[in-house]
Amino acid sequence: MQSPFWQPELETLSAADLAALQVQRLRATMERALRSPYYGEALRRAKVTPADIRTPADIRRLPFTTKADLRAHYPFGFLTMPLRETVRLHCSSGTTGNPTVIFHNRHDLDSWANLVARSMYCAGVRDADVFQNICGYGLFTGGLGFQYGAEKLGALTIPAGAGNSRRQVKLMQDFGTTAIHAIPSYLPRLYDEFVELGLDPARDTKLRIILTGAEPHSEAARGRIEAMFKCKAYNSFGLSEMSGPGVAFECERQDGMHLWEDSFILELVDPETLEPVPEGARGELVLTSLDREAMPLLRYRTRDLTSLIPGSCACGRTHRRIARITGRSDDMFIIKGCNVFPIQIEKILMNIPEIGSDWLIVLDTVGDGDELIIQVEVSQEHFTGDLAVLAQVRKRIIHEVRDEVLVTPSVHLVEPGTMPRAEGKARRVEDRRRDRGG
Ligand code: ADP
Ligand code: ZN
């Protein structure tokens, strides 16, 4: 029988052994980091040396690193080695000011590919699978990240790229694809393509595993995806600053994502006070890379909000699990004095069967006040022109949103297929207010 683990010795380490490994790797990471202009200065200023680290909790003596620090020291400020020793870089989008850049040497790429292979294995993908990677290649890390991970795992890999749903369906059928990776906002569109072609993915393909992530999505959204494709969809978490995909991944139990603690130190802090949150509470995820050479990051504030799942996982892996990301701290918007996360609204919409998969929150100034407007597509199946049904659906959304976020929205139901669709990650909030943040 095949092992249930990709690296049994590392995935099932005892808490004590994991802590010892973290201390050893954190010290080595600090040694390297000291060679970069940024950390050379920052660690000296904080008066902390590798020898000060005796337990993983000693990490709290190190300063935090923020996205602003990465931008301010773009492009080479965090680099620990001459450029000729590096072999690849990935950049973030950089819509506001400098983008951020992460450099990798051969070791970094190899250990990243290994983590992705471990993650995919953890969700049940095996070397006999045919894996189709349906996402953007290039600077976005989901493309090459999954590509090299899947190759390391030994699966036949189809680097399909993003979009062109008709071709995706054809590739899946021609090559007998059994596992795919795609972002959650794209999967319903892929399904629509099957329907349009008169096909049913459950009957007409060999698909058995979906890997998804890169965007916040609720359990209800996952439930819809699983019902469409009639197979399991596993949540996966990563970010370019920690290489990309392969930071945390669901196992077959689908109860939180194991965060690979041999390769990252995880902390959850209150985003205001930066103090650790109490056990089980939601906080901002702070990550330290433990196995990166060209550009290690210490105590990186991801801005992603999550909590730890208590207890151990029945799968036998000892690495702790994080809950679904409820969004980034900067996804939150304030309307009429209430703090709202888009995921709170998504959860309501995705539990209503008459609602399709595309939606947008518009914040606008109407008259003297600000308004929360929800534009949402009706599902194809329910778009029958029965006005009484639509009126009921509108009422339900208004009530449930008001109960959840304490603001009464106006709801615009639109025809299926009429909302603008992004190529990559979906944009869910459009702020058109005169006076933002009010
Ligand atoms: P960008 O910052 O341009 O979106 P990244 O590809 O590095 O580029 O995106 C990483 C971010 O994507 C994470 O910090 C997090 O906010 C989000 N993300 C990644 N995986 C998930 C997931 N499974 N659930 C929710 N959000 C996710
Ligand atoms: Zn598990």
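Conventions adopted
Residues numbered from 1 in each chain as written. Chains lettered and ligands numbered in written order. Predicted model: local features only at pLDDT ≥ 70, side-chain atom pairs only at ≥ 80, totals over all residues. Heavy atoms only, no water. Helix = DSSP H or I, 4+ residues; strand = E, 2+ residues; numbered from the N terminus. Rg over C-alpha atoms; globule rule 2.2 N^0.38 Å. Buried < 20%, exposed > 50% of the residue type's maximum accessible area, 1.4 Å probe, protein only. Contact = heavy atoms within 4.5 Å. Areas by Shrake-Rupley, 256 points an atom, 1.4 Å probe, with all protein chains shown as cover. Lys, Arg positive; Asp, Glu negative; His and termini not counted. Charge placed at Lys NZ, Arg CZ, Asp CG, Glu CD. Donors = N, O, S within 2.8 Å, 3.2 Å for Na, K, Ca; no water. Tetrahedral: all angles 85-135°; square planar, octahedral: opposite > 155°, others 65-115°. Near = heavy atom within 4 Å. Polar contact = N/O pair within 3.5 Å; in protein donor to acceptor, adjacent residues only side chain to side chain. Nonpolar A, V, L, I, M, F, W, Y, C, P; charged D, E, K, R; others polar. Pairing = 2+ DSSP bridges. Axes fitted to C-alpha atoms, helices over the stretch in contact; angles between N-to-C directions. pLDDT = per-residue confidence, 0-100.

Colleague: Help me out: how do you make sense of the overall build of the protein chain in this one?
Modeller: A tally of helices and strands in the protein chain yields twelve helices and 21 strands. Relative to the 2.2 N^0.38 estimate, which gives 22 Å for 438 residues, the radius of gyration of the protein chain is 22 Å and therefore close to what a compact globule would have. Dimensions of the protein chain along its principal axes, counting C-alpha atoms only, are 70 × 60 × 40 Å. Looking at the protein chain as a whole, 56% of its 438 residues are labelled buried. Of all intrachain contacts in the protein chain linking residues separated by at least 6 positions in sequence, the fraction that spans at least 24 positions is 67%. Element-wise, carbon and sulfur atoms account for 51% of the exposed surface of the protein chain, whose accessible area totals about 19,200 Å². Of the charged side chains in the protein chain, 54 are positive and 58 negative; the average position of the first set lies 3 Å away from that of the second.

Colleague: Help me out: how do you make sense of the coordination of the zinc ion (ligand 2) in this one?
Modeller: Octahedral metals with six donors have ideal donor angles of 90 or 180 degrees. Tetrahedral metals with four donors have an ideal donor angle of 109.5 degrees. For the zinc ion (ligand 2), the full set of protein donor atoms is C251 (SG), H258 (NE2), C313 (SG) and C315 (SG), and the range of their distances to it is 2.1 to 2.3 Å. Seen from the zinc ion (ligand 2), its four donor atoms lie at angles of 102 to 116°, and the figure they make is tetrahedral. Taken in chain order, the donor set of the zinc ion (ligand 2) reads C-x6-H-x54-C-x1-C. Taken together, the residues C251 in the loop between β8 (244-250) and β9 (257-259) and C315 in the loop between β13 (308-309) and β14 (321-322) connect sequence positions 64 residues apart. By relative accessible area, C251 is classed as buried at 1%.

Colleague: Would you mind showing me how to read the site of ligand 1 here?
Modeller: Neighbouring residues of ligand 1: 16 residues in total, closest N235, S236, S240, D304 and R328. Between ligand 1 and A214, the relevant distance is 3.0 Å, taken from a nitrogen atom to a main-chain nitrogen or oxygen of the residue. At a separation of 3.3 Å, a nitrogen atom of ligand 1 approaches a polar backbone atom of E215. Surface burial for ligand 1 is 90%, taken as the share of its 570 Å² of free accessible area covered by protein chains. With five residues, strand β7 (residues 232-239) is the single largest residue contributor to the shell around ligand 1. Its residues assigned to classes, the shell around ligand 1 shows six nonpolar, six polar and four charged.

Colleague: Whenever I open this one, the side chain of T178 confuses me. Can you help?
Modeller: As for its placement among the helices and strands, T178 is situated in the loop between α7 (165-175) and β5 (179-181). Among residues more than four places away in sequence, those in contact with T178 are D129, V130, K206, L207, R208 and I209.

Colleague: I'm lost on the sheet that holds β13 in this one. Help?
Modeller: Picture the strands of a sheet paired through backbone hydrogen bonds; they go either parallel or antiparallel. Taken in spatial order, the nine strands of this open sheet run β4-β3-β5-β6-β7-β8-β9-β14-β13, and their pairing is mixed. Each end of this open sheet is capped by a strand with a single partner; those strands are β4 (156-158) and β13. Bridge count for β13 against β14 is two bridges, and the pairing is antiparallel. Across the sheet, I309 pairs through a bridge with R321, a residue of β14. Each of β3 (130-133), β4 and β5 is contacted by α7, which is oriented at about 170° to β3, the strand it contacts most.

Colleague: What am I meant to see in the confidence of the model for the protein chain here?
Modeller: Interpretation of the predicted coordinates at a detailed level should be avoided for regions scoring low in pLDDT. The share of residues in the protein chain with pLDDT of 70 or more is 98%, and the mean pLDDT across the chain is 95. The spread of mean pLDDT over the elements of the protein chain runs between strand β15 (residues 327-328), the lowest at 90, and β3, the highest at 99.

Colleague: What is the right way to read the pairing of strand β18 (residues 355-366) from this model?
Modeller: Counting buried positions along β18 yields ten of twelve residues, so the element is predominantly enclosed. Both β18 and strand β19 (residues 369-378) contribute to a ladder of nine bridges, which runs antiparallel. Considered in β19, the bridge of V362 is made with I373. Bridging between β18 and strand β21 (residues 429-431) involves three bridges; their strand directions are parallel. The residue of β21 that forms the bridge with L363 is D431.

Colleague: Teacher, can you tell me more about unusual backbone geometry here?
Modeller: For residues that are not glycine, phi is negative in most cases, and the peptide bond is trans in most cases. Y74 connects to P75 through a cis peptide bond whose omega is 0°. For P75, the location among the structural elements is in the loop between α4 (67-72) and β1 (88-91). Phi at N164 is positive, roughly 50°, even though this residue is not glycine. Of note, the phi angle at S243 is positive, near 85°, even though the residue is not glycine. Considering the arrangement of structural elements, one finds S243 in the loop between β7 and β8. By relative accessible area, S243 is classed as buried at 6%.

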